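Each chain, letter by letter, is given below.
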Amino acid sequence: GAKMSRRRTDSQGSLGPDDEAMPYSDDETDDELAVSSEGEPEAPPGAPHPPVETRPSDMGWKVKANDRAYHQLPEFQKKVFLCIKKSRYSGNAIKTYKYNAFTFLPLNLYEQLKRAANLYFLALLILQIIPEISTLPWYTTLIPLVVVLGVTAIKDLVDDLARHRMDKEINNRKSEVLLNGRFQEAKWRDIQVGDVVRMKKNDFIPADILLLSSSNPNSLCYVETAELDGETNLKFKMGLRVTDERLQEERQLAEFNALIECEEPNNRLDKFLGMMLWNREQYPLELDNMLLRGCKVRNTEECHGLVIFAGADTKIMRNGGKTRFKRTKIDELMNYMVYTIFALLLLVAAGLAIGHTYWYEDIGSKAWYLYDGKDQDASYRGFLSFWGYIIVLNTMVPISLYVSVEVIRLGQSKFINWDLQMYFAEKDTPAKARTTTLNEQLGQIEYIFSDKTGTLTQNIMAFKKCTIAGRSYGKKKRCSSRNKKWINEPFSAPRQPVDWSWNRYADKKFQFMDNYLVAHVRSKKDRDAMEFFKLLSLCHTVMVENKDGELVYQAASPDEGALVTAARNFGFVFLSRTQDTITIREMDQETTYEMLALLDFNSDRKRMSIIRTNFPDGRIRLYCKGADTVIYERLAPNSRHKETTQTALDVFANETLRTLCLCYKDISAQEYEAWSRKHKDAQLTLSNRDAALDRVYEQIENNLMLIGATAIEDKLQDGVPETIAKLAKADIKIWVLTGDKKETAENIGYSCSLLTDDMQIHYGEDVNEKLSIRQANRRNEPQTVYRRKKKPAEPFFTQPGKNALIITGGCWLHDGKRSEMNSLPQIDFVDMACECEAVICCRVTPKQKANVVSLVKKYKKAVTLSIGDGANDVNMIKTADIGVGISGQEGMQAVMSSDYAFAQFRYLQRLLLVHGRWSYIRMCKFLRFFFFKNFAFTLVHFWYSFFSGYSSQVAYEDWFITLYNLCYSSLPVLLVGLLDQDVNDRLSLKFPKLYLPGQQGTLFNYKNFFISLFHGIFVSLIIFFIPYGAFLQTMGQDGEAPSDYQSFAVVTASSLIFTVNLQISLDTSYWTFVNCFAVLGSIAIYFGIMFDIHSAGIHVIFPSIFTFTGAASNALRQPYLWLTIILTVGISLLPVICIQFLHKTIWPSVGDKKYEMELEEKEKKKQPSAFQRGRRSRRSAYAFSHSRGYADLISSGRSIRRRPAARGGPQDSIREVPHREAENI
């Protein structure tokens, strides 16, 4: 009911940031310490309370325990197709593959023939088989077509087999199911709804299961949710008390016959509502009783559960999203260009056919020597000539275009896989391009959507600093000659970390820099310090395991683990706990405290407390730790150290550390008694139990005494700030989507330099205000809505400077079901967000992450990339144009559905700025040239037709036409598409501005296409008319005129081969041995094959196929014709060389300026830098990243081409340039 009413209030147009509908957290927020945090927090007092009773419409899902027949009843059937019915409960088998043995061929062919070009070639093939109009033999089309379809089909087959294998592996996992009164081993795919399942430690959970009982007291069960959300910390789930007591043995479980009524399958990971009817009693069920598929059982020997949702109904499968077929922008452009060429082709062929009709009436029919014995009239001949020309000119759309593009993409993917600079040695994970069809899109990214936990941060917490009774500890201070005074300060730390050898329980991995604090605690003089660490060792929900004499802590969140580990190292070791006692070792003696009450954490309270007493004197004391905002409101008026602690907290926050305040309070016995009774009553309330408990907790958590505060560092992955700064320089906008709370997200934003001090930050509230003003304005001038296209919307942020946006929850992110009503606010929101340099969305669910991405895709038509590491990012990874998974952490869900995977966020800059940029440039260069060489080749037929009576006679020999795209001109272009670099990788990373042409798509678009077309027309004109002129009135040396058709064909063909191969040489900007070999080889192959084909021997064997006997050797004996070829080639290339020269001097591109860049850099080194004023920004007082920058590597003066080493000796070029200066060039 809550959900329904919530949706209603939304749809009445309340645009408030929907904080309450969104308690879900996919990152480790402090709330997760509590079990209750996953329920829905209470709405604030002002908000309308959702009605409590659940309406029957929500509870449409019925499950009967141990009764498989029940779920097959007719009332649970749903119609699938016509009259075929199927149970609405899905089986537990999953299916992610696309094809099976029968559907593979038809479906795959269908998918491939959806490509315009493939269909077009199929049609051509059919035309060429018709003898009436066939001007070229059919094999010229068949062979390339079969090769293309075959290669692609094999690639799809391999991909799909991998999916089959994975499905099979998962569906055949074993688990124990209760059948016929006892547990039997069964495969996952045979599990059905209503089965009782037994799971052992470290098993994966096979379906969404209601926890009935476990071997732990109170039926606790610990699960690791790494597959769901990428977190490695444990969450705990609880069985209901009634099932815990009555369902431990096999016999009892076999007799269990409850009926569960709950909500229909949905994709919300943070919600579950249900009722259990058993022995005429009703018991409420919530998410804490559910074990979700994809989690792992930990620290629990065995547990029993009842299957509620199976297979495709489970929450993890529901969150998957559909696998979308991704295409690149260039692919779409290419398709449109093929349509354009096709239209041109039809026009030209029609024109020539009309020409043939007139020519036949005027000349052809009257010339006796042209009589062919067929009595066809002129218009019919024109009609045949039309089809003939379509076949002759079909090489304008070469089928080899698609083969070459696939080969180039495959090569680019291999380069990504082989890149050693994207290989992560620690985890032995190389980068992996999992799709081969998207590489050039990597050079056009405009928006990056990133997850936070595990993607930007490592999700490893480290206890860094603390303040106790007004003094701060944990600073590292450098002792430099300038400030000798620091050395005398009591906490000046020598630079080595603390030695823990005095404490046999210490965790060796824990590092702390401040020796003074350790000595201070060990002296036992300071009561506050002792109390501080005692609090840390008692007030938490950590579980402890003893592994081979080592203590291993299992914490519900990494923060808690870090704090308890810190206490352990300072000598307050948490040893064990039972339900109501905690045993710790204080320095040397063990003490057991009785735990009277545990006041748990949740996202509203933002604090947790423990009330403890120790046995001898029975004093009762409450310990509390929580966020400074809530603690300060509850401090006693006489509490000391408030101001000093507050300043310390501000310092910590500026260093982007996560802070918690610690405080205590002594309670008298009678006060506790009175409170305890209220507490018991609250625990027994049925409706709104959480709210009742919160009110009781409020009554005792007051008048607290402050001890101090802790500061924990959430470690960023290496190189994150540099990477983000680089990408921002390349004009890529970065959005962080996280389930975390606002403060944490904002801190991380600063520490990873996504937010900088010169940015104006806007929060959800003023965003709403701006949006509602915009909507109000629009209502006042309704007519502009329809003409929105005409006047550009005025910007939302008018003041100059950079803006950043931090919003919570997602009221703009609802599924687009109410699209009509919602599209305008959505457009406004996207417009506003896109004006910002950085956007951070907090508290978003996996579904909403995907919605954000699709909003930007839909309204901005921008190329998007998502990067994430957990299953909560899968949907967003599938939705974006390119999905990147971070491998190496737990959970491989994200990697399985990604297009690219690597181990560290910092490799993203190399993937985009180097590989992406190169792929884009290569692909564009390749396409431009490919279209050019085919126009130049094909349009010769067009000019020739004016002199051959438009009779669809070919200008070259058949074999030349067949082999031109296969052997004579393919290799050099292909190699440019594979190997070309305009600048090397170091400079690409160093000058991120080089990335801009890709985003704007300037290197390949209709303008470039038409330039290629006119270039082709120009070259074909020259290649036809210069030899034509040379042949007109000539006499060879031997007195014979070589003015026959065959010699002419040889001359034009040779000129064409020379022109095309030299032209590609002019366009190559990165020469390797292979490129040289390809250009010379292509020309050599052409002559070799031509002399073979024109030899007398082959004519004798196949007289009808090889008709040009001796033509080549005869023609190329004449020096006159060689001069003709040289003239033709020269005139074809000269204008191009001139234009290129002018372009480079007058309008150089960013890439052309690379030499100036390098020179400038060398000059800069000789001057002292103007940037070293030692100004540090307020936020970056903490060195977050430990990886070396690129500055020293780049400035070592090794440039792309070897240039004379005259300028400055070597000692000049190795000095390191400071980062900023290198990047501001």
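Residues numbered from 1 in each chain as written. Predicted model: local features only at pLDDT ≥ 70, side-chain atom pairs only at ≥ 80, totals over all residues. Heavy atoms only, no water.

For the protein, the name recorded in an unreviewed UniProt entry is Phospholipid-transporting ATPase, with Amphiprion ocellaris as its organism. What UniProt states about the protein under its Subunit (unreviewed entry) heading is, verbatim, "Component of a P4-ATPase flippase complex which consists of a catalytic alpha subunit ATP8B1 and an accessory beta subunit TMEM30A. The flippase ATP8B1:TMEM30A complex can form an intermediate phosphoenzyme in vitro. Also interacts with beta subunit TMEM30B." UniProt's Cofactor (unreviewed entry) comment on the protein is quoted here verbatim: "Mg(2+)". (UniProt positions renumbered as here; feature names shortened; annotations may be inferred.)

Trainee: Mind showing me how you'd approach the overall build of the protein here?
Mentor: A count of helices and strands for the protein gives 41 helices and 35 strands. Within the span of the protein, comprising 1225 residues, buried residues form 55% of the whole. Contacts in the protein between residues at least 24 apart in sequence constitute 74% of all its contacts with a sequence separation of at least 6. Looking at the protein as shown, the accessible area adds up to about 54700 Å², and 58% of this sits on carbon and sulfur atoms. (Helix = DSSP H or I, 4+ residues; strand = E, 2+ residues; numbered from the N terminus. Buried < 20%, exposed > 50% of the residue type's maximum accessible area, 1.4 Å probe, protein only. Contact = heavy atoms within 4.5 Å. Areas by Shrake-Rupley, 256 points an atom, 1.4 Å probe, with all protein chains shown as cover.)

Trainee: When you look at a nonpolar patch on the surface in this model, what are you seeing that I'm missing?
Mentor: Together, Y336, Y339, Y1006, F1010 and F1014 make up a nonpolar patch on the protein surface, roughly 540 Å² of accessible area in all. Only α9 (329-364) and α32 (1006-1032) provide two or more residues apiece to the nonpolar patch. Counting residues per element, the nonpolar patch draws most heavily on α32, at three residues. Owing to a relative accessible area of 34%, F1010 belongs among the partly exposed residues under this scheme. (Patch = residues over 30% accessible without salt bridge, like charges linked within 9 Å, V, L, I, M, F, W, Y side chains within 5 Å. Salt bridge = Lys/Arg side-chain N within 4 Å of Asp/Glu carboxyl O.)

Trainee: I would appreciate a short explanation of the nonpolar core in the present structure.
Mentor: Soluble globular proteins: nonpolar side chains tend toward being buried together. Core analysis: the largest hydrophobic core is formed by 97 residues, its most contacted members being F926, L927, F960 and L1056. Take this core: its biggest share by element is 17 residues, from helix α27 (residues 907-945). With residues near it in sequence (within four places) discarded, F926 still touches L401, S404, V405, I408, V973 and G977. Among the nonpolar cores identified, the runner-up in size contains 55 residues, and C262, F272, V307 and I316 belong to it. (Core = buried A, V, L, I, M, F, W, Y, C linked by side-chain atoms within 4.5 Å.)

Trainee: I would appreciate a short explanation of helix α33 (residues 1045-1067) in the present structure.
Mentor: One turn of an α-helix holds 3.6 residues; hence residues three or four places apart share an orientation. Taking 1.5 Å as the rise per residue, α33 with 23 residues should run 33 Å; its terminal C-alpha atoms sit 33 Å apart, in good agreement. Where burial is concerned, most of α33 is hidden: 18 out of the 23 residues are buried. (Expected span 1.5 Å × (residues − 1).)

Trainee: Would you explain the sheet that holds strand β13 (residues 290-291) in this entry?
Mentor: Whether parallel or antiparallel, the strands of a sheet pair through hydrogen bonds between backbone atoms. Strands sit in the order β5-β4-β6-β15-β7-β13 across an open sheet of six strands; the sheet is antiparallel. Edge positions in the open sheet fall to β5 (182-187) and β13, since each of these has one partner strand only. With two bridges connecting them, strand β7 (residues 208-214) and β13 associate as antiparallel partners. Within the sheet, the bridge partner assigned to I209 lies in β13 and is L291. (Pairing = 2+ DSSP bridges.)

Trainee: Would you mind going over the pattern of salt bridges with me for this structure?
Mentor: A side chain with one charge can pair with a side chain of the opposite charge if their charged atoms come near. By the definition in use, this model includes 39 salt bridges. For R658, the salt bridge is made with D714, and the minimal N-O distance between the two is 3.2 Å. In this pair, R658 is assigned in strand β27 (residues 658-667) and D714 in strand β28 (residues 705-716), connecting sequence segments 56 residues apart. Its relative accessible area of 11% is what places R658 among the buried residues. A salt bridge links K925 to D980; the nearest nitrogen and oxygen atoms lie 2.7 Å apart. Residue K925 is located in helix α27, and its partner D980 is located in the loop between α29 (970-979) and α30 (985-990); the two are separated by 55 residues in the primary sequence. Via salt bridges that share partners, K155, R327, D331, E406, R409 and E440 belong to a single interconnected network.

Trainee: Could you clarify how one ought to interpret helix α21 (residues 742-751) in this entry?
Mentor: Counted residue by residue, α21 has eight buried out of ten residues, so it is predominantly covered. Within the sequence span of α21, burial applies to T744, A745, E746, N747, I748, G749, Y750 and S751. The first or second residue beyond α21 is S753, which carries a positive phi of 55 degrees.

Trainee: Can you help me understand the environment of R251 in this one?
Mentor: Structurally, R251 can be placed in helix α7 (residues 250-255). Considering only alpha carbons, one finds R251 and G181, 70 residues apart in sequence, at a separation of 6.9 Å.

Trainee: Would you take a moment to explain the pairing of strand β15 (residues 302-309) for this structure?
Mentor: The side chains of a regular strand alternate between the sheet's two faces. When you tally the buried positions in β15, you get seven out of eight residues, the bulk of the element. With six bridges joining them, β7 and β15 adopt antiparallel strand pairing. For L210, the partnering residue across the bridge sits in β15 and is L306.

Trainee: Help me understand the packing of α9 against α27, please; the structure alone is not making it clear to me.
Mentor: Two quantities define a packed helix pair, namely the angle between the axes and the distance from one axis to the other. Axis separation between α9 and α27 bottoms out at 13 Å; the angle between their running directions is 5 degrees. When the axes of α9 and α27 are compared, the pair comes out roughly parallel. Across the interface between the two elements, I330, M334, M337, I341, V348 and L352 of α9 pack against Y920, M923, C924, L927, F931, F935, F942 and S945 of α27. Among the residues forming the contact of α9 with α27, the class breakdown is 13 nonpolar, one polar and no charged. (Axes fitted to C-alpha atoms, helices over the stretch in contact; angles between N-to-C directions. Parallel < 35°, antiparallel > 145°, perpendicular 65-115°, else oblique. Nonpolar A, V, L, I, M, F, W, Y, C, P; charged D, E, K, R; others polar.)

Trainee: Quick question: what am I supposed to make of the packing of aromatic side chains here?
Mentor: Tallying each qualifying case throughout the model produces 66 aromatic pairs. On the numbers, 5.4 Å between centres and 80 degrees between planes, the contact of F512 with F570 is edge-to-face. A residue pair is termed long-range when its members are at least 10 positions apart, and F512 in the loop between α12 (485-488) and α13 (515-522) and F570 in the loop between α15 (558-569) and β22 (572-577) qualify at 58 residues. Exposure remark for F512: the relative accessible area of 1% places this residue in the buried category. Classification of F570 by relative accessible area gives buried; the value is 0%. Centre to centre, the rings of F931 and F1004 are 6.4 Å apart; their planes meet at 10 degrees, and the pair counts as stacked. (Phe/Tyr/Trp six-rings, centres within 6.5 Å; stacked < 30°, edge-to-face > 60°.)

Trainee: Quick question: what am I supposed to make of the packing of helix α3 (residues 116-129) against helix α4 (residues 139-171) here?
Mentor: Packing of α3 against α4 brings their axes to within 9 Å, and their N-to-C directions diverge by 150 degrees. By the angle between their directions, the pair α3 and α4 is classed as roughly antiparallel. Crossing handedness for the pair α3 and α4: left-handed. Across the interface between the two elements, N118, F121, L122, L125 and Q128 of α3 pack against T140, T141, L142, L145, V148 and L149 of α4. Among the residues forming the contact of α3 with α4, the class breakdown is seven nonpolar, four polar and no charged. (Left-handed = near helix turned anticlockwise from the far one by under 90°.)

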